[in-house]
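Topology and contacts: notes
Listed here are the chains, written in short residue letters.
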Amino acid sequence: MVVISTTKAPKAIGPYAQGYVANGFVFTSGQIGVDPKSGEACNGIEKQAEQACKNVQAILEAGGSGLQHVIKTTCYLADMNDFAAFNEVYAKYFTEYPARSCVAVKTLPKGMLCEIEAIGEI
């Protein structure tokens, strides 16, 4: 098992790794719409979803994978009314249409609107 750490995605805000490589797979921790350079949250569902996708992509690539190798994502939305807007952004990044779960949650870290985690093949 190898820990993934990259400056191209935000540092973990708790006691966890950005991701792991294990048994030919990359597992990312959930990523929110925080810019890794500034540490600031993006505004609005579209910008947060876009940044979350970019953060997942950076971790996958640091682990030797990429968005085209993702087989499963789990997505969390603070409000299911954002589902259509989230999907529009998500579809631009996950073009291979991996298996996915998308659920509404009461709250997300830092008051964010969405969070994405992924499992990809190497």
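Predicted model, so just to flag it, every value in this text is computed and none were measured. Along each chain, residues carry numbers from 1 onward, in the same order as the chain's sequence is written. Where totals are concerned, whole chains, interfaces and linings use all residues; where local detail is concerned, this predicted model gives features only for residues with pLDDT of at least 70, and gives and counts side-chain atom pairs only at 80 or more. Working from all heavy atoms in the structure, the side-chain values ignore hydrogens and water.

Concerning the overall build of the chain
The following threshold applies: What counts as a helix is a DSSP run of H or I of at least four residues, what counts as a strand is a run of E of at least two, and both are numbered from the N terminus. To sort residues, take the accessible area from a 1.4 Å probe on protein chains only and compare it with the maximum for the residue type: under 20% means buried, over 50% means exposed, and anything in between is partly exposed. By definition, residues are in contact when any of their heavy atoms lie within 4.5 Å. Computed with a 1.4 Å probe, the accessible areas rest on the Shrake-Rupley method; for each residue, only the protein chains presented here act as cover. Charge counting follows a simple rule: Lys and Arg are positive, Asp and Glu are negative, and His as well as the terminal groups are ignored. For this purpose, a charge sits on NZ of Lys, CZ of Arg, CG of Asp or CD of Glu.
Scanning the chain from terminus to terminus reveals 2 helices and 6 strands. Written out in order from the N terminus, the α and β elements of the chain read β-β-β-α-β-α-β-β. When the 122 residues of the chain are sorted by exposure, 43% land in the buried category. Taking the intrachain contacts of the chain between residues at least 6 apart in sequence as the baseline, contacts between residues at least 24 apart amount to 69%. Split by element, the accessible area of the chain, about 6,600 Å² in all, is 52% carbon and sulfur. In the chain, the 10 positive side-chain charges and the 12 negative ones have mean positions that sit 5 Å from each other.

Side note on the sheet that holds strand S1 (residues 2-4)
To be explicit about the condition: DSSP bridges decide pairing: two strands pair if at least two such bridges lie between them. In this analysis an axis means a line fitted to C-alpha atoms, helices contributing only their contacting stretch, and an angle means the value between N-to-C directions, from 0 to 180 degrees.
Across the sheet, 6 strands lie side by side as S1-S2-S3-S6-S4-S5; this open sheet has mixed pairing. Taken across any chain shown, the strands that pair with only one partner, and hence form the sheet edges, are S1 and strand S5 (99-104). Across the sheet, the mean angle separating the axes of adjacent strands is 15° when strand polarity is ignored. The sheet contact formed by strand S2 (residues 19-22) and strand S3 (residues 25-28) spans 4 bridges and is antiparallel. When the sheet's bridge partners are listed, Gly-19 is paired in S3 with Thr-28. Here helix H1 (residues 44-62) sits on the sheet in contact with S1, S2, S3, strand S4 (70-77) and strand S6 (114-121), set at roughly 25° to S6.

So, the environment of Phe-86
Its place among the elements puts Phe-86 in helix H2 (residues 83-93). A relative accessible area of 0% places Phe-86 in the buried class. Remark: the alpha-carbon pair of Phe-86 and Gly-33, spanning 53 residues in sequence, is separated by 12 Å. Residues in contact with Phe-86, not counting those within four places in the same chain, are Ile-45, Ala-49, Cys-75, Leu-77, Arg-100, Cys-114 and Ile-116.

Details of the packing of H1 against H2
Just so we agree on the cut-off: Should an angle fall under 35 degrees it is taken as roughly parallel, and over 145 as roughly antiparallel, whereas 65 to 115 is taken as roughly perpendicular and any remaining angle as oblique. With the far helix as reference, a near helix turned anticlockwise by less than a right angle produces a left-handed crossing, and one turned clockwise produces a right-handed crossing. Gly falls in the polar group here, along with every residue not listed as nonpolar (Ala, Val, Leu, Ile, Met, Phe, Trp, Tyr, Cys, Pro) or charged (Asp, Glu, Lys, Arg).
Relative to each other, H1 and H2 sit at 30°, their axes nearing to 9 Å. By the angle between their axes, H1 is roughly parallel relative to H2. Taken as a pair, H1 and H2 cross one another with a handedness that is right-handed. Contacts from Ile-45, Glu-46, Ala-49, Glu-50, Cys-53, Lys-54 and Gln-57 of H1 reach H2 at Ala-85, Phe-86, Val-89, Tyr-90 and Tyr-93. For the contact of H1 with H2, the per-class residue count stands at 8 nonpolar, 1 polar and 3 charged.

What about the environment of Glu-117?
Among the structural elements, Glu-117 can be located in strand S6. Along the chain, Glu-117 and Ser-29 lie 88 residues apart, while their C-alpha atoms are 5.5 Å from each other. Those residues within four positions of Glu-117 in sequence are excluded, and the remaining contacts are Thr-28, Ser-29, Gly-30, Lys-72, Thr-73, Thr-74 and Tyr-76.

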